[in-house]
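Structural characterization, general
So the chains spell out like this:
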Amino acid sequence: MKLEKTYTYLLAFSMLCIILMVLGIFTIVAMNGLPYFWLKNVAKVEMTDGKVYYGEIAGVNPKAENGSETKLKVGNRKIYGQDFLRIKDSEIKSVSYPKEIIMLERDEWGNAYGIISDIGGKEFDNIHSSVMEDKKEIMSLEKGRLLSINEEISKLNHRITKKSETGLEEKLEKLKTESAVIETDLNSKREQALIKTFSLVLADGQIDELKYYDIVKKYQPNDVSLAGKIWISVKGFFEFIFADPRESNTEGGIFPAIFGTVILVILMSIFVFPLGVIAAVFLSEYAKEGFLVKLIRNTIYNLAGVPSIVYGVFGLGFFVYAMGGSIDRIFFSDYLPSPTFGTGGIIWGALTLAVLTLPVVIVASLEGLKSVPHMYREGSYSLGSTKWEVIKDVVIPNAMPGMLTGLILAISRAAGEVAPLMMTGVVKSAVALPFDSSFPFIHLDRKFMHLGFHIYDVGFQSPNIEAARGVVFNTTLILLIIVFALNLTAILIRNRIRNKLSRSGV
Amino acid sequence: MSKDRFSANNEIASPVIEVSNFDFYYGSVKSLNSVNMKIKPKTTTAFIGPSGCGKSTLLRNFNRMNDLIEGTKNEGDILLHGESIYRKDLNVTELRSKVGMVFQKSNPFPMTIFENIAYAPLKKGIKKRSSDLTDLVEESLRGAALWDEVKDKLHKSALGLSGGQQQRLCIARVLAMKPEIILMDEPCSALDPISTMKIENLIAEIEKDYTIVIVTHNMQQAARVSSYTAFMYVGELIEYNSTTDLFSNPVMKQTEDYITGRFG
Ligand SMILES: Nc1ncnc2c1ncn2[C@@H]1O[C@H](COP(=O)(O)OP(=O)(O)OP(=O)(O)O)[C@@H](O)[C@H]1O
Ligand SMILES: [Mg+2]
């Protein structure tokens, strides 16, 4: 009796540990990432030697070599060469927070801090928003019609020069004129937008001539109320989710990576689930138990332990080179030597992950099939069912919860894999998403971005580590949330089916 | 007339099932030894005998359910309307829809009540949303004396029914198949007395249309529901007689010992 109690406590304790661990991971990631969405005040620091700096106080190091030091994010990288500056606390004369200091988020060169004196705030906003409108139009033209025209032109060129097809010149000319018209239009628009500038007075009195076109957003941090700052943080968080990355991924959002990850996992599920279920049904219902089946089963069990990079190499060799290469030779020979499917793409990434997770789905499905009560099979047979009818009507539906458990495990595993994707099509920055409004709408051959790879890329390959840290942690947070969400969806589906199969479904 | 321990076999002139010199093996273990018996159509026949004597084995051969167990083997023959059920060109699924089966443990599928009943008819080509199907479902449920209890929850899960209701549902499911013969393997052993009574009444009612073979451990039940009773012992048919004769006047010592409760 007493022992039983001890075991109960132990059980409760280990449960608690697990919950704390999960919460701990979330908390640590969130604590490191979320503060980056907070709009910090900009300090005006006056030094004893007369120098003045504007910047966000990024940290204090009381034990620096020459006495206490303060780290100041002064921005204006283009002028100062770096974003951060260390100053000796002993040389600081005064620190103040004047309301008129402005922080500008830019497309390039990080933040700028300073004071705008030649133009009023209202006026600035008006000009800025009109320039932004133009910019949006320019971008969508560039990414949309112009891109597809240029693609068509290169296809036509290819057919004319390499395959000596005739009668295409007229079409080519028409496209070229259209392209030229758009291009001139674009250039004049861009010129008009680029021409608009304003001057920013920096802390040391230098004047920096800036283009409205490059400014993403203007803040006056010292003049924002607490509620305003909270609103800005929340908005910042959502912009992080829904915006495209900027400045080699260290700024802006991560939308393409989120999209890529979700689509990849969904595609993977579409491939792996039917395949795993069919394999499991064959192994458990049809294959005669013997040496070969045992060998296959054990091979499958062992495959789960193969390092994922091995699957990446397999995916590259089999899917990308062999399958993709063949597809290119047969259907896209016009464009060779530039590959269409014979290079990394989201479909190959998804297939590689499907192969990687296949053992998990098969093993879970086998368990599910084994757990179907024998009396259901007998019942179905006794009502005149053929073997296939028994499997389709009672065996598979009753094994479905087990099979979906396999899919859940597969999703968890796949959402976190990066290594195999690096060989099968993940990229640091993908211009176009795998789904869009241009025909044929689904572009499974396109390269894609991925949250796991994004973390690696921003964390290790970024030139601007300080700026990247926030992106690393916040991307991790989003990845965690997405893995949980994908899992939750699968779990909810499974539980619905399970309820239907049990008494509680009445 | 001299007493014959197989007098039923002499009485039954045109049997629906005829078992002749039938042996059955699970692997190398022989569990039926040279069984000879005739089953009378539109009558209830009961199999009794101590546990492990081969009642289920014999019963499950009538619709070849034992085919599903690996390593089984049989010798001799079983005839349905004079034709072997082991002949090469026989369609086993057709056989099973002619010879329905109700199991010891009720096994409705985890589907709705309606879907359970419609399961076999749908396979035979009846249309899914036809009035024929709804009529057939009602008729089968009425036939199994279950209609009044479930008519308001036809589209709820069958697993929500009580054990007795589930067993009657399984009977209704077999009736919907319109079989000729219904095999029942201890259909009441997991049920309370009232549910048992309901099923016994049900058997009495459908007996005029169906040939019923029932395995039971309950001698009163055998006496109540059957016209003929077969007593089996260690894989052999010991005695097969009209139920009244077998219980009132057993020929064999083993039969007498068993029905008087001296063993088994
Ligand atoms: N699947 C099987 N594999 C091997 N042997 C079996 C199998 N099923 C039954 N047997 C054996 O065959 C013999 C007859 O079994 P059977 O189930 O027909 O008995 P029964 O008369 O129905 O018994 P009970 O009254 O307990 O149901 C028993 O000795 C049993 O151990
Ligand atoms: Mg039995």
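A short tour of the structure in this document, coming up. Everything quoted here is computed from the prediction, not taken from an experiment.

Each value, and the rule that gives it
- All residue numbers here refer to positions counted from 1 along the written sequence of the relevant chain.
- Each chain takes a letter, starting from A, and each ligand takes a number, starting from 1, following the order in which they are written.
- Confidence filtering applies because this is a predicted model: local features only for residues at pLDDT of at least 70, side-chain atom pairs given and counted only at 80 or more, and all residues used for totals across whole chains, interfaces and linings.
- Calculated side-chain values reflect all of the structure's heavy atoms, with hydrogen atoms and water omitted.
- Secondary structure counts use DSSP, requiring at least four H or I residues in a row for a helix and at least two E residues in a row for a strand, with both numbered from the N terminus.
- This radius of gyration counts C-alpha atoms alone. The globule rule is 2.2 Å times how many residues there are, raised to the power 0.38.
- Three exposure classes are used, based on accessible area relative to the maximum for each residue type with a 1.4 Å probe and protein chains only: buried under 20%, partly exposed in between, and exposed over 50%.
- We call two residues in contact when some of their heavy atoms are within 4.5 Å.
- In short, Shrake-Rupley with a 1.4 Å probe defines the accessible areas, and a residue's cover is counted only from the protein chains shown.
- The sign given to each residue is positive for Lys and Arg and negative for Asp and Glu; His and the chain ends receive no count.
- Where a charge sits is defined by one atom per residue type, namely NZ (Lys), CZ (Arg), CG (Asp) or CD (Glu).
- When DSSP finds two or more bridges between a pair of strands, those strands are recorded as paired.
- Where helices are involved, their axes are fitted lines through C-alpha atoms of the stretch in contact, as for all axes, and angles between N-to-C directions lie from 0 to 180°.
- For any pair of parts, buried area is found by adding up, for both, the accessible area (1.4 Å probe) each one loses once the two are put together.
- Salt bridges are identified by distance alone: a Lys or Arg side-chain nitrogen within 4 Å of an Asp or Glu carboxyl oxygen.
- One less than the number of residues in a helix, times 1.5 Å, gives the span that helix is expected to have.
- Note that bend, as reported per residue, equals the angle between axes fitted to the 7 residues terminating at that residue and the 7 residues originating from it.
- Relative orientations are named as follows: roughly parallel for angles under 35 degrees, roughly antiparallel for angles over 145 degrees, roughly perpendicular for angles from 65 to 115 degrees, and oblique for any other angle.
- Less than a right angle of anticlockwise turn of the near helix away from the far helix marks a crossing as left-handed, whereas a clockwise turn marks it as right-handed.
- Three residue categories are used. Nonpolar comprises Ala, Val, Leu, Ile, Met, Phe, Trp, Tyr, Cys and Pro, charged comprises Asp, Glu, Lys and Arg, and polar comprises the others, including Gly.
- A pair of Phe, Tyr and Trp rings is counted when the ring centres sit within 6.5 Å of each other, with Trp represented by its six-membered ring. The angle between the planes then sorts it: under 30 degrees is stacked, over 60 is edge-to-face, the rest tilted.
- In these notes, residues near a molecule or strand are those with any non-hydrogen atom within 4 Å of it.
- Here a polar contact is taken to be a pair of N or O atoms separated by no more than 3.5 Å, where protein atoms must pair a possible hydrogen donor with a possible acceptor and residues adjacent in sequence count only if both atoms sit in side chains.
- Starting at the helix axis, one direction is taken to each C-beta atom, and the arc is that of these directions.
- The disulfide criterion used throughout: a pair of cysteine sulfur atoms within 2.5 Å.

A few words now on the overall build of chain B. In terms of regular secondary structure, chain B is built from eleven helices and ten strands. Taking 18 Å as the expected radius of gyration for a compact globule of 264 residues, we find that chain B reaches 19 Å, a close match to that expectation. Counting all 264 residues of chain B, 56% fall into the buried class. The contacts in chain B between residues at least 6 apart in sequence include a share of 68% that link residues at least 24 apart. Of the roughly 11600 Å² that chain B leaves accessible, carbon and sulfur atoms contribute 48%. Of the charged side chains in chain B, 32 are positive and 32 negative, and the gap between their average positions amounts to 4 Å.

We now examine the sheet that holds strand E4 (residues 84-88) of chain A. Residues and elements named next belong to chain A. An order of E4-E3-E2-E1-E5 is seen for the five strands of this open sheet, with the pairing classed as antiparallel. Because the sheet does not close on itself, it has two edges, and the strands there are E4 and strand E5 (92-96). Adjacent strand axes in the sheet meet at a mean angle of 45°, parallel and antiparallel pairs treated alike. Pairing geometry for strand E3 (residues 69-73) and E4, over five bridges, is antiparallel. Bridge pairing links Glu-69 to Lys-88 in E4.

Time to look at the interface of chain A and chain B. Contact with chain A, which involves 21 residues of that partner, is made by 28 residues of chain B. The contact between chain A and chain B buries some 2000 Å² in all, and 65% of this surface belongs to carbon and sulfur atoms. Together, A:Glu378, A:Ser382 and A:Leu383 form the three largest contributors to the area buried by chain A at its contact with chain B, with a combined 31%. Scanning the region where chain A abuts chain B turns up two salt bridges.

What follows is about helix H9 (residues 346-370) of chain A. Residues and elements named next belong to chain A. In this model H9 runs 35 Å from its N-terminal to its C-terminal C-alpha over 25 residues, within 8% of the 36 Å that 1.5 Å per residue would give. At Thr-357, H9 shows its maximal bend, which comes to roughly 45°, and the proline Pro-359 appears one to four places after that position. Counting buried positions over the 25 residues of H9 gives 21, a clear majority of the element.

Turning our attention to the packing of helix H8 (residues 308-331) of chain A against H9(A). Residues and elements named next belong to chain A. Contact geometry of H8 with H9 gives a least axis separation of 9 Å together with a crossing angle of 135°. For the element pair H8 / H9, the angle class is oblique. The chirality of how H8 crosses H9 is right-handed. Within the contact between the two elements, H8 uses Ser-308, Tyr-311, Gly-312, Phe-314, Gly-315, Phe-319, Val-320, Met-323, Gly-324 and Ile-327 and H9 uses Trp-348, Leu-351, Thr-352, Val-355, Leu-356 and Pro-359. Across the contact of H8 with H9, the residue classes tally to eleven nonpolar, five polar and no charged.

Before going further, it helps to examine the packing of aromatic side chains. Under the definition given, this model contains 23 aromatic pairs over all chains. Ring centres of A:Tyr376 and B:Phe109 lie 6.4 Å apart, and the angle between their planes is 65°; this geometry places the pair in the edge-to-face category. With A:Tyr376 in helix H10 (residues 374-382) and B:Phe109 in the loop between strand E6 (99-102) and helix H4 (113-123), this pair bridges two chains. You'll find A:Tyr376 and B:Phe109 in the same group, each marked buried. A centroid spacing of 5.1 Å and a plane angle of 35° characterise the contact between B:Phe231 and B:Tyr258, whose relative ring orientation is tilted. Of the two residues, B:Phe231 sits in strand E9 (residues 228-233) while B:Tyr258 sits in helix H11 (residues 253-259), which places them 27 residues apart along the sequence. Comparing B:Phe231 with B:Tyr258 shows no difference in burial state: the two are buried.

Okay, the site of ligand 1 next. Residue and element names in this part refer to chain B. Tyr-26, Ser-31, Ser-51, Gly-52, Cys-53, Gly-54, Lys-55, Ser-56, Thr-57, Ile-69, Glu-186 and His-217 make up every residue found near ligand 1. Gly-54 is positioned with one of its backbone polar atoms (N or O) 3.0 Å from an oxygen atom of ligand 1. Interatomic distance of 2.6 Å between a side-chain N/O atom of His-217 and an oxygen atom of ligand 1. When ligand 1 sits alone it has 630 Å² of accessible area, and the protein chains cover 60% of it. Among the elements that make up the shell around ligand 1, the one with the highest residue count is helix H2 (residues 55-62) (three residues). Among the residues making up the shell around ligand 1, the classes are represented as three nonpolar, seven polar and two charged.

Here the focus is helix H8 (residues 193-206) of chain B. All names here are of chain B. Here H8 spans 20 Å end to end across 14 residues, near enough to the 20 Å set by a 1.5 Å rise per residue. Restricting attention to buried positions, one finds in H8 the residues Ser-195, Thr-196, Ile-199, Glu-200, Leu-202, Ile-203 and Ile-206. Seen along its axis, H8 keeps its buried residues to an arc of 155°; they face one direction. Residues of H8 that are exposed and angled more than 90 degrees away from the buried face: Pro-193, Ile-194, Ala-204 and Glu-205. Structurally, H8 contributes buried residues whose contacts are with strand E3 (44-48), helix H5 (131-143), helix H7 (163-175), strand E7 (181-185), strand E8 (211-215) and helix H9 (219-225).

For the rest of this paragraph, the subject is the side chain of A:Arg297. Residue and element names in this part refer to chain A. Note on placement: Arg-297 falls in helix H7 (residues 291-303). Here Arg-297 falls in the buried class, since its relative accessible area comes to 17%. If we skip the residues at most four places from it in the chain, Arg-297 touches Glu-289 and Leu-366.

Turning our attention to the state of the cysteines. All names here are of chain B. Across all of its chains, the model carries zero disulfides over all chains by this definition. Here Cys-170 stays free of any disulfide, with the sulfur of Cys-188 as its closest cysteine sulfur at 12 Å. Given the relative accessible area of 2%, Cys-170 is considered buried. Judged by its relative accessible area of 8%, Cys-188 is buried.

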